[in-house]
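# Structural overview
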Amino acid sequence: ADVSRGESCKENCTCPSCSLRAPTISDLLNDQDLLDVIRIKLDPCHPTVKNWRNFASKWGMPYDELCFLEQRPQSPTLEFLLRNSQRPVGQLMELCRLYHRADVEKVLHRWVDEEWPKRGRGDHPRNF
């Protein structure tokens, strides 16, 4: 059965699907379509929905920097991801669970399970 990593495997699992190099956020930054979907979901500011700001704060970004990123013309979600590009995508999925962002977690899971293995098993990222 094709079970996603986050549900049954531990961090240092050696099962066949986990033995591939775990993707980092820098790997997903190479997928413009995925990045666009994540930005659409996390950029908007909504009083009851957690967004990029909550994620960045949880990972230690200072308040002044959060405010600075909000004022820039570039996507704050993209900036947040760029600043955390060496973290594993699994940690980003954990944030999605923490903040009840199943919509974003689902998109990330699909990418990790379906798209990432197609990219030469993580050895040779494709440039689009």
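A short tour of the structure in this document, coming up. Because the structure is a prediction, the values reported are computed rather than measured.

The rules behind each value
- Residues numbered from 1 in each chain as written.
- Predicted model: local features only at pLDDT ≥ 70, side-chain atom pairs only at ≥ 80, totals over all residues.
- Heavy atoms only, no water.
- Helix = DSSP H or I, 4+ residues; strand = E, 2+ residues; numbered from the N terminus.
- Buried < 20%, exposed > 50% of the residue type's maximum accessible area, 1.4 Å probe, protein only.
- Axes fitted to C-alpha atoms, helices over the stretch in contact; angles between N-to-C directions.
- Contact = heavy atoms within 4.5 Å.
- Nonpolar A, V, L, I, M, F, W, Y, C, P; charged D, E, K, R; others polar.
- Expected span 1.5 Å × (residues − 1).
- Polar contact = N/O pair within 3.5 Å; in protein donor to acceptor, adjacent residues only side chain to side chain.

### Quick look at the overall build of the protein chain
Regarding its fold elements, the protein chain presents 8 helices and 0 strands. For the protein chain, buried positions account for 38% of its 128 residues.

### Some words on the environment of Ala-22
Summarising the element assignment, Ala-22 is placed in the loop between α1 (5–8) and α2 (25–28). Given the relative accessible area of 42%, Ala-22 is considered partly exposed.

### Digging into the packing of helix α3 (residues 32–42) against helix α6 (residues 76–83)
Packed helix pairs are specified by the crossing angle of their axes together with the interaxial distance, meaning the distance between the axes. At a minimum axis separation of 8 Å, α3 and α6 run at an interaxial angle of 115°. Contacts between α3 and α6 involve Leu-35, Ile-38, Arg-39 and Leu-42 from the former and Thr-77, Leu-78 and Leu-81 from the latter. Here the residues of the contact of α3 with α6 are counted per class, giving 5 nonpolar, 1 polar and 1 charged.

### With respect to helix α8 (residues 102–115)
In an α-helix, one turn spans 3.6 residues; hence positions three or four apart end up facing the same way. Its 14 residues give α8 an end-to-end C-alpha distance of 19 Å, which sits within 8% of 20 Å, the value for a rise of 1.5 Å per residue. For α8, the set of buried residues is Val-104, Glu-105, Val-107, Leu-108, His-109, Trp-111 and Val-112.

### As for the environment of Asn-54
Relative to the elements of secondary structure, Asn-54 occurs in helix α4 (residues 52–58). By relative accessible area, which is 22% here, Asn-54 ends up partly exposed. When the C-alpha positions of Asn-54 and Leu-66 are compared, they lie 9.5 Å apart, and in sequence the two are 12 residues distant.

### Comments concerning the side chain of Ser-75
Note that Ser-75 resides in the loop between α5 (63–71) and α6. Among the residues examined, Ser-75 registers a relative accessible area of 7% and is labelled buried. At 3.4 Å, the side chain of Ser-75 forms a polar contact with the side chain of Arg-39. Setting aside residues no more than four positions away along its own chain, Ser-75 makes contact with Arg-39 and Asp-43.

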